[in-house]
Amino acid sequence: QVSSTFLSGTFPLGTRFISKTVPGVLKGSIIAALADVGAAAERSISYTLRFVDSPQEGGVVADRVFNISQQVDALLGCTAVRAVEYAPLDNPTRLAVVWSTPRRDTSVIREDLRKAEL
């Protein structure tokens, strides 16, 4: 079990480069360590991390599929992750996450489905 708290963030190039189009600025805009820049400062989040033995990858490694799902759900405060695609032996630099977040107006559609590739 891991507990983490966002303490601070810096923008070395200034805030002129920070807008709604920058990944990670808006909640759920991309799967990253901070789902919403600074929002995690309001509270600590807890989640489970798991490591697995993988002789093909050279020993004990992070279970990325499980860990990403746990971290994103904890950061967003709901069960948001629907799927995580990761095949380290095929392409260790590609990871895709499908997630959804509830809509404020639920008159027609209840949630927004999204996908991000890292």
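One can find the structure itself at the top, above this paragraph.
Residues numbered from 1 in each chain as written. Predicted model: local features only at pLDDT ≥ 70, side-chain atom pairs only at ≥ 80, totals over all residues. Heavy atoms only, no water.

**Here's the deal with the overall build of the protein**
Scanning the protein from terminus to terminus reveals 1 helix and 7 strands. Each helix and strand of the protein, placed in order from N terminus to C terminus, yields the pattern β-β-β-β-α-β-β-β. Considering the protein as a whole, with its 118 residues, one finds that 29% of them fall into the buried category. Across the protein, the fraction of contacts at a sequence separation of at least 24, relative to all contacts at a separation of at least 6, is 37%. As presented, the protein carries roughly 7900 Å² of accessible surface, and 54% of it is formed by carbon and sulfur atoms. (Helix = DSSP H or I, 4+ residues; strand = E, 2+ residues; numbered from the N terminus. Buried < 20%, exposed > 50% of the residue type's maximum accessible area, 1.4 Å probe, protein only. Contact = heavy atoms within 4.5 Å. Areas by Shrake-Rupley, 256 points an atom, 1.4 Å probe, with all protein chains shown as cover.)

**A short note on the nonpolar core**
Ile 68, Val 72, Leu 76, Ala 80, Val 81, Val 84, Tyr 86, Leu 95, Val 97 and Trp 99 together form the largest nonpolar core, which totals 10 residues. Every element with two or more residues in this core is listed here: helix H1 (64-76), strand E5 (81-86) and strand E6 (95-102). (Core = buried A, V, L, I, M, F, W, Y, C linked by side-chain atoms within 4.5 Å.)

**With respect to the pattern of salt bridges**
Applying the stated criterion across every chain, the model contains 3 salt bridges. With a closest N to O distance of 2.9 Å, Arg 50 and Asp 63 form a salt bridge. With Arg 50 in the loop between strand E2 (45-47) and strand E3 (51-54) and Asp 63 in the loop between strand E4 (59-62) and H1, this pair connects stretches of sequence that are 13 residues apart. According to the relative accessible area criterion, Asp 63 is buried, its value standing at 15%. Two residues, Glu 85 and Arg 94, come together in a salt bridge whose shortest N-O distance is 3.9 Å. (Salt bridge = Lys/Arg side-chain N within 4 Å of Asp/Glu carboxyl O.)

**Notes on the packing of aromatic side chains**
For the structure shown, the criterion picks out 0 aromatic pairs. Between Arg 50 and the ring centre of Phe 66, over which it is positioned, the NZ or CZ distance is 3.9 Å. (Phe/Tyr/Trp six-rings, centres within 6.5 Å; stacked < 30°, edge-to-face > 60°. Lys NZ or Arg CZ within 6 Å of the ring centre and 35° of its normal.)

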